[in-house]
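The residues making up each chain are set out below.
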Amino acid sequence: LRQATYTTARMGAFNAAKEKVQDNYYQGTAIPTPVLAVLGFLAGGAGAVVGTPADLALVRMQADGMLPAHQRRNYTGVTDAMR
C-alpha cells in the first residue's frame, strides 16, 4: 500500500509538473537537467506527504503484533490502523 501511494503520487506529480513547465517555459526545447532535478525533488516531497499515512499504518500494524496480548489493539486493516 505504501509503495502504491508513494510511487503513484510521486510519478503523477513529476509528470504533471514537467508538462506544465514544458508548456509554459520550454516550448519546443528540452527542459534543462537542473530544472528536472528540482521537479524531482518537489515530486518526491509530495509523494512522501501522500505516502506517510500508509507507512504509519504499516508500522502500527507491525508493532501491534509485538505487544503482549492484553495490550494489542488488534487492527482489522489499514483503515483501522490509520485512525
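See above for the structure.
Residues numbered from 1 in each chain as written. Predicted model: local features only at pLDDT ≥ 70, side-chain atom pairs only at ≥ 80, totals over all residues. Heavy atoms only, no water.

Student: Lay out a nonpolar patch on the surface in plain terms, naming residues and giving numbers.
Tutor: A grouping of Leu1, Met61, Val78 and Met82 is seen on the molecular surface, where their side chains present a nonpolar patch of about 330 Å² in accessible area. Mapped onto the elements of the fold, Val78 is located in helix 3 (residues 78-82). (Patch = residues over 30% accessible without salt bridge, like charges linked within 9 Å, V, L, I, M, F, W, Y side chains within 5 Å. Areas by Shrake-Rupley, 256 points an atom, 1.4 Å probe, with all protein chains shown as cover. Salt bridge = Lys/Arg side-chain N within 4 Å of Asp/Glu carboxyl O. Helix = DSSP H or I, 4+ residues; strand = E, 2+ residues; numbered from the N terminus.)

Student: So what's going on with the packing of helix 1 (residues 2-25) against helix 2 (residues 33-66)? Which residues, and what values?
Tutor: It is at 7 Å that the axes of helix 1 and helix 2 come closest, and there the two elements cross at 150°. In this view, helix 1 runs roughly antiparallel relative to helix 2, as classed from their interaxial angle. Read as a crossing pair, helix 1 and helix 2 show a hand that is right-handed. Tallied by class, the residues present in the contact of helix 1 with helix 2 amount to 14 nonpolar, five polar and four charged. (Axes fitted to C-alpha atoms, helices over the stretch in contact; angles between N-to-C directions. Parallel < 35°, antiparallel > 145°, perpendicular 65-115°, else oblique. Left-handed = near helix turned anticlockwise from the far one by under 90°. Nonpolar A, V, L, I, M, F, W, Y, C, P; charged D, E, K, R; others polar.)

Student: Give a description of the nonpolar core that names residues and reports values.
Tutor: Phe14, Val21, Ile31, Leu39 and Ala43 together form the largest nonpolar core, which totals five residues. Residue assignment for this core shows that the elements contributing at least two residues are helix 1 and helix 2. Discounting residues that sit within four places of it in the chain, Val21 has contacts with Tyr26, Ile31, Val35 and Leu39. (Core = buried A, V, L, I, M, F, W, Y, C linked by side-chain atoms within 4.5 Å. Buried < 20%, exposed > 50% of the residue type's maximum accessible area, 1.4 Å probe, protein only. Contact = heavy atoms within 4.5 Å.)

Student: Run through the side chain of Asp64, naming residues and quoting values.
Tutor: With respect to the helices, strands and loops of the structure, Asp64 is situated in helix 2. No salt bridge forms around the buried Asp64; measuring N to O, its nearest opposite-charge neighbour Arg73 is 4.3 Å away. Among the polar contacts made by the side chain of Asp64, one reaches the main-chain amide nitrogen of Asn74 at a distance of 2.9 Å. Not counting residues up to four positions away in its chain, the partners in contact with Asp64 are Arg72, Arg73, Asn74 and Tyr75. (Lys, Arg positive; Asp, Glu negative; His and termini not counted. Polar contact = N/O pair within 3.5 Å; in protein donor to acceptor, adjacent residues only side chain to side chain.)

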